[in-house]
Amino acid sequence: MTEQLLTEAQEEILAKWIKIQGRRGVPMTYASVAQSAGEISGKPVGESWPKRFQKRHPDLKMKTTVPLEQARAKALNKPTVDEFFDMLASVIEEYNITPGNIYNMDEKGIQLGIGAKITVMVDRNQRAVYSIEDGNRELITVIECICADGSVIHPSVIFQGQRRNSEWGRINPCNARCVSVLCNRLALHSS
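Quantities reported herein were computed from a predicted structural model and do not represent experimental measurements.

Rules behind the numbers
Residues numbered from 1 in each chain as written. Predicted model: local features only at pLDDT ≥ 70, side-chain atom pairs only at ≥ 80, totals over all residues. Heavy atoms only, no water. Salt bridge = Lys/Arg side-chain N within 4 Å of Asp/Glu carboxyl O. Helix = DSSP H or I, 4+ residues; strand = E, 2+ residues; numbered from the N terminus. Buried < 20%, exposed > 50% of the residue type's maximum accessible area, 1.4 Å probe, protein only. pLDDT = per-residue confidence, 0-100. Contact = heavy atoms within 4.5 Å.

**Looking at the pattern of salt bridges**
Then comes step 1: Evaluation of the coordinates by the stated rule reveals three salt bridges.
Then comes step 2: Two residues, Glu-11 and Arg-56, come together in a salt bridge whose shortest N-O distance is 2.6 Å. Residue Glu-11 is found in helix α1 (residues 8-23), and its partner Arg-56 is found in helix α3 (residues 49-56); the two are separated by 45 residues along the sequence.
Then comes step 3: Judged by its relative accessible area of 34%, Arg-56 is partly exposed.
Then comes step 4: Notably, a salt bridge pairs Asp-123 with Arg-23, separated by 2.4 Å at the nearest N-O pair. Of the two residues, Asp-123 sits in strand β4 (residues 119-123) while Arg-23 sits in helix α1, which places them 100 residues apart along the sequence.
Then comes step 5: Residue Arg-23 is classed as exposed on the basis of its relative accessible area, which comes to 54%.

Below you can see the structure in the form of structure tokens.
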């Protein structure tokens, strides 16, 4: 019979810590679980220890992360989201706004240079597993907009430019449709 590295109480604390870290957006890999176990026990941990630990704790499982920028992580919580939708419903009702006058616009930033997703240990019941990124990367942005009545505006893709071509605001070579204030500002700057 082999001696267990951590006591049951120590393992329970480590399992809780793994769950907390996963929910905070700092999930633990097998290597970081092994490192934590080694620090708790004061002894080196074998390569297969985290897998055996996971088997002893069926409430934990391995999942693949999704990068999440720090600023978005701070705003992504149930009370904030619920409050937003309660306010939205109140405004729609108060001003009798019809679906044809309700639009949802969103952007998706694609960060260049982000590494591959990693596999981490988290609470079995945790749905999304985010890994917080610092957000300091070059972006390509995709913007899309849809109306509550089902109509859509064509999506836009924005790439980082080296410099702005002053002719774009004046002659509009891409035949881009833009907000008149922005187009007027571009035309003024290019004159």
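After that view, the rundown keeps rolling.
**Considering the confidence of the model for the chain**
Then comes step 1: Mean pLDDT over the chain works out to 79, with 71% of the residues at or above the 70 mark.
Then comes step 2: In this model residues 179-186 is a low-confidence stretch, pLDDT under 50, and it forms four contacts with partners more than four residues away in sequence or in other chains.

**Focus: unusual backbone geometry**
Generally, phi is negative for residues other than glycine and the peptide bonds are trans, each holding for most cases.
Then comes step 1: In this structure, Asn-96 is a non-glycine residue whose phi angle is positive, near 50°.
Then comes step 2: Counting through the fold element by element, Asn-96 comes out in the loop between α5 (78-95) and β3 (103-111).
Then comes step 3: Residue Asn-96 is classed as exposed on the basis of its relative accessible area, which comes to 63%.

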